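# A structural walkthrough
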Amino acid sequence: MKRNFEIKRETKETNIFINLNLDGKGKSEISTTIPFLDHMLNLFARHGYFDLTIKASGDTEIDNHHLIEDIGITLGVLIDKCLGNKKGITRYGFAKIPMDESLVECTLDISGRPFLVYNMIPFEKENDDNILKKIQEFSNEKEIYEIYKHFFYSLSYNAKFTLHFNLIYGYNLHHNLEASFKAFARALKNAVFVDEKYIKILPSSKGII
């Protein structure tokens, strides 16, 4: 079953091309004009063993919101397309990933019912200004978490799955976000795995996902 597709999305705000192979080897070629997002998406591809090409640009002279949101939308649409009829997939995925002092868990259900829970904002010490400037041109870390929350919201609603993130503990902004992308990659890899014994079976008692 082919699970390798590409998609283009053009609006007055962004121009995006993505090619995704769910059964790849972790190869990636990412160019979004947002260095930190490039880093996160490279990690997503490598740790999920997805082959991923993204070429994207947008009105980042205003801010990065439109481009990050639209990449989430486009990647979500493409994941859904790659899954096809969803027969034989494991459907559920879970991963808990450490990154130095941070620990993040991601749980997902390819359910056809889009929903996001994003408990990622820590209640501990603030990050220094150098981390904030390196990741995004925002005034505080809450704004950075919010824009990546919106990325996963856009992705999950267009991929049509339920997605939960929980920051168990950790305070470094970079580490927390990196662990979340790695955990998402591993959870998604588990969920999209096809068991050949059940290749004709849709994992739903309703008969539809």
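Note: the structure precedes this text.
First, a word on scope: everything that follows refers to the structure included in this document. Along every chain, residues carry numbers that run from 1 in the direction the sequence is written. Per-residue local features of the predicted model are confined to residues with pLDDT of at least 70, and side-chain atom pairs are confined, for both listing and counting, to 80 or more; whole-chain, interface and lining totals are unaffected and use all residues. The side-chain quantities take in all heavy atoms of the structure and omit both hydrogens and water.

Read from one edge of the open sheet, 4 strands run E1-E2-E4-E3, paired in mixed fashion. Whereas interior strands pair on both sides, the edge strands pair on one side only; in this sheet they are strand E1 (4-10) and strand E3 (28-31). In this sheet, adjacent strand axes meet at a mean angle of 5° when their direction is disregarded. By definition, two strands form a pair when at least two bridges between them are found by DSSP. Secondary structure is summarised from DSSP: a helix means a run of H or I of at least four residues, a strand means a run of E of at least two, and numbering begins at the N terminus for each. In the sheet, strand E2 (residues 14-21) pairs with strand E4 (residues 51-58) via 8 bridges, with the strands oriented antiparallel. Opposite Leu20, over in E4, you have Leu52 as the bridge partner. Contacts are assigned to residue pairs that have any heavy atoms within 4.5 Å of one another. For helices, the axis comes from a line fit to the C-alpha atoms of the stretch in contact; other axes are also lines fit to C-alpha atoms, and the angle between any two N-to-C directions lies between 0 and 180 degrees. Along the sheet, helix H1 (residues 35-48) makes contact with E3 and E4, crossing E3 at roughly 160°. Contacts from helix H2 (residues 65-83) reach E1, E2 and E4, with the element oriented near 35° to E2.

Mapping Lys2 onto the fold places it in the segment before E1. Residue exposure (1.4 Å probe, protein chains only): buried if accessible area is under 20% of the type maximum, exposed if over 50%, otherwise partly exposed. For Lys2, a relative accessible area of 57% gives the class exposed. Sequence separation between Lys2 and Cys82 is 80 residues; the distance between their C-alpha atoms is 7.5 Å.

All right, on to the packing of aromatic side chains then. Aromatic pairing here means that ring centres of Phe, Tyr or Trp (its six-membered ring) are within 6.5 Å. Orientation follows from the plane angle: under 30 degrees is stacked, over 60 is edge-to-face, and everything else is tilted. Counted according to the given criterion, the structure contains 14 aromatic pairs. When the ring of Tyr118 is compared with that of Phe165, the centres are 5.7 Å apart and the planes differ by 75°; the resulting orientation is edge-to-face. With Tyr118 in strand E7 (residues 115-119) and Phe165 in strand E8 (residues 162-169), this pair connects stretches of sequence that are 47 residues apart. Of the two residues examined, Tyr118 and Phe165, each falls in the buried class. Clustering of aromatic rings is evident, with ring pairs tying together Phe36, Phe44, Phe50, Tyr118, Tyr148, Phe151, Phe152, Phe161, Phe165, Phe181 and Phe184.

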